[in-house]
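Chain by chain, the residues:
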Amino acid sequence: MAYKRKARIVFFCASHPAPANLAAHYANTLGSDWMEARAAVLPGVAGEVPVLDGTALAWADLLVTLDAAALAARPPLRAGLQHRHYPFEPIPDVADKTAWRELAARIQQRVEGMIGGMRLLQKAARASDGL
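One structure accompanies this document, and this report is about it. Keep in mind that what you see is a predicted model, and the values were worked out from it rather than measured. (Residues numbered from 1 in each chain as written. Predicted model: local features only at pLDDT ≥ 70, side-chain atom pairs only at ≥ 80, totals over all residues. Heavy atoms only, no water.)

**As for the overall build of the protein chain**
Along its length, the protein chain carries four helices and four strands. In sequence order, the protein chain lays out its α and β elements as β-α-β-α-β-α-β-α. Against the compact-globule benchmark of 14 Å for 131 residues, the protein chain has a radius of gyration of 15 Å, which places it among compact chains. Structurally, the protein chain occupies a C-alpha span of about 55 × 35 × 20 Å along its principal axes. Across the 131 residues in the protein chain, those meeting the buried criterion constitute 39%. For the protein chain, the share of sequence-separated contacts (at least 6 apart) that also reach a separation of at least 24 residues comes to 57%. On the protein chain, roughly 7400 Å² of surface is accessible, and the fraction owed to carbon and sulfur atoms is 56%. Here the protein chain carries 15 positive and 12 negative side-chain charges, and the mean point of each set is 8 Å from the other. (Helix = DSSP H or I, 4+ residues; strand = E, 2+ residues; numbered from the N terminus. Rg over C-alpha atoms; globule rule 2.2 N^0.38 Å. Buried < 20%, exposed > 50% of the residue type's maximum accessible area, 1.4 Å probe, protein only. Contact = heavy atoms within 4.5 Å. Areas by Shrake-Rupley, 256 points an atom, 1.4 Å probe, with all protein chains shown as cover. Lys, Arg positive; Asp, Glu negative; His and termini not counted. Charge placed at Lys NZ, Arg CZ, Asp CG, Glu CD.)

Structure follows, in structure tokens:
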């Protein structure tokens, strides 16, 4: 049986908004057939990223923490909400362009791995349905 809707993922980073924004961007552009993604941060983190709240958690199927602070601040999960921890630390200095490119590449690679897993699940579902 094929999935009825796209997986909903919240990428949560407590130390900086960029990793969560990058992960959500890659998920929404590269994995748009399989997932919808949002970014979230802790209160007080500078930037234009929403704070992780109950509405985001109610929407999500998967919460992905991206740093140790997000893992430590992870709220209790409701039944059916899965969690994964993919740490992307340390956050580079703002002036270190090479380190930021490397961080972006690592985040993209991890999201592509998630997409690959969803492709395999879809292929397995189709095979079991006889498609």
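**Some points on the nonpolar core**
Within the largest apolar cluster, 30 residues are counted, with the highest numbers of intra-cluster contacts made by I9, F11, M35, V64, L66, V111 and M114. At the level of secondary structure, the elements contributing two or more residues to this core comprise strand 1 (7-12), helix 1 (17-30), strand 2 (35-40), strand 3 (62-65) and helix 4 (97-128). The greatest single-element share of this core, amounting to eight residues, is contributed by helix 4. Setting aside residues no more than four positions away along its own chain, F11 makes contact with A20, A23, A24, A27, A37, R38, A39, A40, V64, L66, V111 and M114. Membership of the second largest hydrophobic core comes to 12 residues, among which are V10, A14, A40 and A70. (Core = buried A, V, L, I, M, F, W, Y, C linked by side-chain atoms within 4.5 Å.)

**Digging into the pairing of strand 3**
On strand 3, burial covers both faces: L62 and V64 on one face and L63 and T65 on the other are all buried. As defined by bridge partners, strand 1 adjoins strand 3 across four bridges and the pair is classed as parallel. Residue F12 lies in a different strand from strand 3, and its bridge partner there is T65. Where strand 3 lies against strand 4 (residues 82-85), four bridges are found, and the strand directions are parallel. Its bridge partner being in strand 4, L62 is matched across the sheet by Q82. Between the parallel pair strand 3 and strand 4, the chain is carried across by helix 3 (residues 68-73), and the sense of this crossover is right-handed. (Pairing = 2+ DSSP bridges. Right-handed = clockwise from strand over helix to strand, strands pointing away.)

**Here's the deal with the environment of A72**
Positionally, A72 belongs in helix 3. Counting along the chain gives 48 residues from A72 to L120, while the straight-line C-alpha distance between them is 31 Å.

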